[in-house]
Amino acid sequence: MRNNTSRFSAARGLRGVVLTVAAVTLGVTASACTASADSEPNPAPNANKPAVLLVHGAFADGSSWSKVAAQLQHDGYQVTTAAVPLRGLTYDSAYIRSVLDGLPGKTILVGHSYGGAVITNAATGSPKAAGLVYIAAFSPDQGEPVGALDAKFGGPATKIGVPHEFPLPGGGVGQELVIAPDKFHDNFAQDLPESETTVLAAAQRPIAVASFMEPSGVPAWKSLPSWALVAKDDRMIPADGQREMAKRMNATTVEQAGSHAVALSQPKAVAAVIETAAGSVQG
C-alpha cells in the first residue's frame, strides 16, 4: 500500500513539473510571438531600385556584409551576398559573373578589399552591371596583380599571413593564406571589440596565394560609373593607396573613419554610399 501511495505521489509530482514546464514554455512562446508581431519585417524589394550584389574580400566571408545587407534590405533593395571562392582572380571573377548573370536586372556591384578586384573583372561587358562601389578595396588596372598593388601601398597581407597547403584539382598542391589570429584585430579590424574580432579571425576564409599574382583583365571601371569609400584608418590597404586608385578611376569618393572592416564598424556609412550609387543609376 505504501508502494502504491509513493508511486501516486511521484506521478502527481511529475505531472506538476510537466505542467509547470508547459506553462513556462507557453509563456516564452507567447512572448516570442508578441515580439515577432511587434517587429517590422523588411519590405519587399522595390522593383524600381537596382539590385545590389555584395562581394567580400580575402580573410572574410559573406557575414562581413551582414549589417550592410540588413540596412539595404530595410530600405527596399534586393540584396545578394556572394560567396567568393578565393581560389584565383580569373576563377573568382568568372564565378561572380555567373552570380551577376543570374540576377533579374540592373545591378550595383559592391566589392570589399580583394572583392574590388573581383568586381573590376566580373562586371566587364555585362549588360546587367550598372555601377561599381569599392569599399576599402583594390581596383586594379589592366595587367596589374593585386599583390603588386599590395606591395606598392605597403599592405601587410603577405607579412601577417600564415601559409597552408591545399590540394589542387588536377593534382599537386597550392598555397593559401590566413591572417594569424593574434594579428587579426590590430591589422584588420582595430575599431571592433576584440570579442567580435576573435570570432571573425576564427571564421576567416583563406585565399590562394595565386589570387595575388594573376594580372587583372580589362577593368569595368573604365566603362561604368564608380564610387569609392576610403577607410581612413585602414591598415590592410592604407588610405593613400585607396585614394590613388579612386582618383585613377575618377570615382565619386567618400572618406570615412574606420578600419579595413569598415562595413562592420560603420555599416550605415557604407550603406549610404551604396544607396547613393544606386540612386544615381535608378531609372
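For the structure itself, look to the data block above.
Computed from a predicted structure; not experimentally measured.

A.B. asks: What is the right way to look at the overall build of the chain in this model?
C.D. replies: A tally of regular secondary structure across the chain gives 12 helices and 9 strands. Counted over contacts in the chain with a minimum sequence separation of 6, partners at least 24 positions apart contribute 73%. Counting every atom, the chain has about 13,400 Å² of accessible surface; 58% of that belongs to carbon and sulfur.

A.B. asks: Explain helix H12 (residues 267-281) here, please?
C.D. replies: Three- or four-residue spacings in an α-helix give side chains the same orientation, since the helix completes a turn every 3.6 residues. With 15 residues, H12 should cover 21 Å at 1.5 Å per step; its first-to-last C-alpha distance of 22 Å lies within 8% of that length. Among the residues making up H12, those that are buried are Pro-267, Val-270, Ala-271, Val-273, Ile-274, Ala-277, Ala-278 and Val-281. Buried residues in H12, looked at end-on, bunch into an arc of 155 degrees, giving them a common side.

A.B. asks: Sorry, what's going on with unusual backbone geometry here?
C.D. replies: Most of the time, phi is negative for any residue but glycine, and the peptide bond is trans. Here Phe-59, not a glycine, exhibits a phi torsion of approximately 60 degrees, which is positive. One non-glycine residue, Asn-250, lies in positive phi territory at about 60 degrees. Residue position: Asn-250 is located in the loop between helix H10 (239-249) and strand E9 (252-256).

A.B. asks: What exactly am I supposed to notice about the sheet that holds strand E5 (residues 161-167) here?
C.D. replies: Either a parallel or an antiparallel arrangement is found when strands of a sheet pair, and the pairing is made through backbone hydrogen bonds. Read across the open sheet, the 3 strands follow the order E5-E6-E7; overall the sheet is antiparallel. Every interior strand has two partners, whereas the edge strands, E5 and strand E7 (207-208), have only one. In this structure, E5 lies alongside strand E6 (residues 173-179), joined through 7 bridges in antiparallel fashion. Residue pairing for E6: Pro-163 is matched across the bridge by Leu-177.

A.B. asks: I tried to follow the environment of Arg-205 on my own but got confused; where do I start?
C.D. replies: By the secondary structure assignment, Arg-205 is in the loop between helix H8 (194-203) and E7. Expressed as a C-alpha distance, the spacing of Arg-205 and Ile-179, which sit 26 residues apart in the sequence, is 9.4 Å. A polar side-chain atom of Arg-205 sits 3.4 Å from a polar atom in the side chain of His-56.

A.B. asks: How should I be thinking about the packing of aromatic side chains in this particular structure?
C.D. replies: Each aromatic ring pair is summarised here by two numbers: the centre-to-centre distance and the angle between the ring planes. One pass over the full model with this rule turns up 1 aromatic pair. With 4.7 Å between their ring centres and 25 degrees between their planes, Phe-184 and Phe-188 make a pair best called stacked. Taken together, the residues span about one helical turn, with Phe-184 and Phe-188 both in helix H7 (residues 181-188) at a distance of 4 residues. Phe-188 shares its class with Phe-184; the two are buried. Over the face of the ring belonging to Tyr-77 we find Lys-49, whose NZ or CZ atom lies 4.5 Å from the ring centre.

A.B. asks: Help me understand the nonpolar core in this model?
C.D. replies: In summary, soluble globular proteins display a tendency toward joint burial of nonpolar side chains. In this structure, Leu-53, Phe-59 and Leu-132 are the most contacted members of the largest nonpolar core, which totals 51 residues. Look past the residues within four positions of Leu-132 in its chain and what remains in contact with it is Leu-109, Ile-119, Ala-123, Ala-220, Trp-221, Leu-224, Pro-225, Ser-226 and Trp-227. In this structure, Val-68, Tyr-77, Ala-263 and Ala-278 belong to the second largest nonpolar core, which totals 26 residues.

Reading the values: rules and limits
Residues numbered from 1 in each chain as written. Predicted model: local features only at pLDDT ≥ 70, side-chain atom pairs only at ≥ 80, totals over all residues. Heavy atoms only, no water. Helix = DSSP H or I, 4+ residues; strand = E, 2+ residues; numbered from the N terminus. Contact = heavy atoms within 4.5 Å. Areas by Shrake-Rupley, 256 points an atom, 1.4 Å probe, with all protein chains shown as cover. Expected span 1.5 Å × (residues − 1). Buried < 20%, exposed > 50% of the residue type's maximum accessible area, 1.4 Å probe, protein only. Arc of directions from axis to C-beta. Pairing = 2+ DSSP bridges. Polar contact = N/O pair within 3.5 Å; in protein donor to acceptor, adjacent residues only side chain to side chain. Phe/Tyr/Trp six-rings, centres within 6.5 Å; stacked < 30°, edge-to-face > 60°. Lys NZ or Arg CZ within 6 Å of the ring centre and 35° of its normal. Core = buried A, V, L, I, M, F, W, Y, C linked by side-chain atoms within 4.5 Å.

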